[in-house]
Every structure is written in structure tokens, then in C-alpha cells.
Amino acid sequence: MLQLAGRMGRAKPSAIMAVAEKAKKLKAAGRDIISFSIGVPNFLPGEHVYQAARDALAKDSGQYGSNRGADALLDAFLKHMEDLGLTGYTRANLSTGIGAKHVLYNLAEALLDEGDTIAFPAPYWTTYVDIAEIVNARILELPCPASQDYKLTVAQLDAALATKPKVFLFNNPSNPTGMVYTKQEIIALADVLAKYPDTWIITDDIYNRMLFDGLEYYNFVQARPELRTRTVFVDSLSKTYGMPGWRVGFMAGPEAIAQAVTTLNSNHITNIPEVTTAAAIAALSGPQDVTEAKNLEFQGKRDQVMAALAEIPGVVCPRPQGAFYVFPDISVAFGKSHNGAVINNDIDFCNALLEAKGVACVPGSAFGEPRALRISYTCPTPQLAPGLQRIQEFFAELK
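Described in the following lines is the structure provided in the data block. Note that the structure is predicted; figures quoted are calculated from it, not measured. (Residues numbered from 1 in each chain as written. Predicted model: local features only at pLDDT ≥ 70, side-chain atom pairs only at ≥ 80, totals over all residues. Heavy atoms only, no water.)

**Quick word on the pattern of salt bridges**
- In the structure shown here, the tally under the stated rule is 19 salt bridges.
- A salt bridge links Lys166 to Asp116, with the nearest nitrogen and oxygen atoms 3.3 Å apart. Within this pair, whereas Lys166 is found in the loop between α6 (154-161) and β5 (167-171), its partner Asp116 is found in the loop between α4 (100-111) and β3 (117-122), the two being separated by 50 residues in sequence.
- Residue classification places Lys166 among the partly exposed positions, given a relative accessible area of 26%.
- Across the pair Glu297 and Lys301 runs a salt bridge whose closest N-O atoms are separated by 3.7 Å. (Salt bridge = Lys/Arg side-chain N within 4 Å of Asp/Glu carboxyl O. Helix = DSSP H or I, 4+ residues; strand = E, 2+ residues; numbered from the N terminus. Buried < 20%, exposed > 50% of the residue type's maximum accessible area, 1.4 Å probe, protein only.)

Listed below in C-alpha cells is the structure:
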């Protein structure tokens, strides 16, 4: 009997997209649904991005592009990195992909053999586990509960690296928690990383321009320059510029890794399309006013969400300082019921909330923390307050 490849038994559809699809179906059926589920920025880039795309379309060459990425795009990304304080890189250190998710998959293929271990803090972005399982790597989760502000400690990292994982994957600011590591915290973790030269380091930092409260982005390479030879920085246009559908991701790291990712590109995507490339260059190099305004708006929305959660007895939520997520511990609801529906876990909670109040959130178990749920507050502003009120009402109605 003909069968699919064994790896397909390990491949799973995105848990986040499953929630979003359920909410979409309910809305199509006439339900009043407010979605706090999918992590899209819900704004559009500036007009200069669209004009660049139109201009490129008008003079489209119709030819293949570079597997690594067009020189002008690589140069724009180098300038973007320099603005973050990441200097000393060249085009040879870079490669591109169809979004950061694609870049991460390429990195997994390039760095992880079957049975190798990849370590990362939990809560984590769902795709980390999904990709690791597809390439049949071993996963070492490092639990970081709300009681430690969802952040990895020096002791945890030291103990994990002592087991010699092949890859350590780090996400800052964090999806799903929105937490941001301070410069001092990054320095302390970098000091530990420097002790273990046998582990590759990937920093998935696509929310690096979405920081609140005056915080500034900081990377392990800035803290310990010797880590440059084994650290890969991953970035994307999706969140910063309101361009998730344009699918442009980047990596910067050792030349050997950049070449490996470029080689993989040559065997599947070939190149980022010419029109998309032009739009990406414009986003990186042009006016940043849309991004800056939206960042201020998200900070205000963060404050609104935190104020609403603070009024719910028993809910615990560390204060996020980046991205556009809040990740409350809602385990106070476990063992209770709503309109006869017993809530035993985060999945029960999210299902009951969606059915009873029309509010879609993603269960925390999708991110490795089953006591929580993720709220993405990028919905249209008029929907935010009503959605938060429905959550408050839901808690108040628990028996």
C-alpha cells in the first residue's frame, strides 16, 4: 500500500491558524466575533512601499533573481541591522526567504541532523516545535512560567547548555508573551553562552522594532562579540512594516550558514520575486513614520489590555514590553464551569469563551504553557474594549 513519507506523521497544521479558521467560520455564519487570535499587525505599509511595487511591476524583467537575495535588498537589510547596533556584517553573511518561518525551516535543515537536540524557552512560538518535529530533532524545552515573568534564567540556560544541544533558539521580544529581555539580562545570558562553544545560537527577533516604555533592542553578539561566529539573527518585514502577506524574511550569521540557506533556496524557492523585493527595499529604506506611529498605538493597546486583566480576580499576567501580545495565566478558571460547560484546561476555556462570548484567543498549550492563553491585541481599535469586556463578563459568570 502506498504511503506518505514518515515525516508527514510528525507534521501538524498551525494551532494558531486552526483557531483563526474556527473564528472565521463562526463569523461567516453570522456570529458577532472579536478575534484576539492570529498574530497579524493589522495595518498596511506606507504608500512609498506600494509605489515601489508598482514601479517594479512596470519594468519587470521576468527573469530569475538571486538565490541569496538582490544586492540592493541585502544592502537595505545591512543598514537596518546597523540601526539596531549589529555592525560588521557583509552580503556574504546574509540570506533571505519567504518570510521568517521559511528562514527558520531552512536553518533547521542546515543545522539539525536527525536526533540532534534543539533547546528553547517555553512559552515558545508554536512553529519551533512543529519544525523540530518535521526534521526529527530532539526538543529540550526550558519552562519559564509566569512566576519568573516568562523569562529564561541564567541557571536554566547553564544547565541546558551543559547537555550540549546542537542549537539554542531564542526569541526576543517574545511571541506569545510580549516579554522583552533587558540589556543586562541579555549580557548575563550571553556570558553563559560564551562558556559553551559547541552550540549554535539562533535569535528569532522579528519584533525588534516593536519595543515599549523606552526599551532598546540588544543582541547576544553586542554583549559578547565572539559569539558572532555561531549566532544567526533572524528578522522579517511582516510585523514591523505591516507586511505579513508579502513574505520576506532575513538571516544574518556566519558565512557558511548563509551559504547553506542560499543553497537550500536554490533547490526550492529560487528567489524572492522582483516586485516583492522592490517593496521590501522601500520598507526598509524609506520613511518609518507608519511603523513608529503603530508602535505607539500598540503600547497604548497593551496598557488597555493590562488594565482590563488587572480587574479580574486571580488572573496573573506579567507586563509585556514589546510585540503585540499579552499572555495571562488564567488557571484560576480551571475546575469551574460556564453555563454548564466545565473548564478543565486552557482549551476548554478558549472554546467556552468563543462559544459564549464570541471572543477568539489561542490556548496557551499551543505555546507550551497550558495555564495561559494568548491575546493578540491588533484588532481594530473599536473592537478592543468590547472584547476585553466580554472576557471580564465571562470570568464573572464562572461558577
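**As for helix α10 (residues 274-285)**
- The terminal C-alpha atoms of α10 lie 16 Å apart, and with 12 residues this matches the ideal 16 Å at 1.5 Å per residue to within 8%.
- Looking at α10, one finds that the buried residues are Thr276, Thr277, Ala278, Ala279, Ala280, Ala282, Ala283 and Leu284.
- For α10, the elements touching its buried residues are α2 (47-58), α3 (71-84) and β8 (249-252). (Expected span 1.5 Å × (residues − 1). Contact = heavy atoms within 4.5 Å.)

**Re the nonpolar core**
- Counting residues in each nonpolar core, the largest one holds 65 residues, and the members touching the most others are Phe36, Leu104, Leu107, Ile202, Phe349 and Phe395.
- No other element matches α4, which puts 6 residues into this core.
- In this structure, Phe349 is in contact with Ile330, Ala333, Ile343, Leu373, Phe394 and Phe395, ignoring residues within four places of it in sequence. (Core = buried A, V, L, I, M, F, W, Y, C linked by side-chain atoms within 4.5 Å.)

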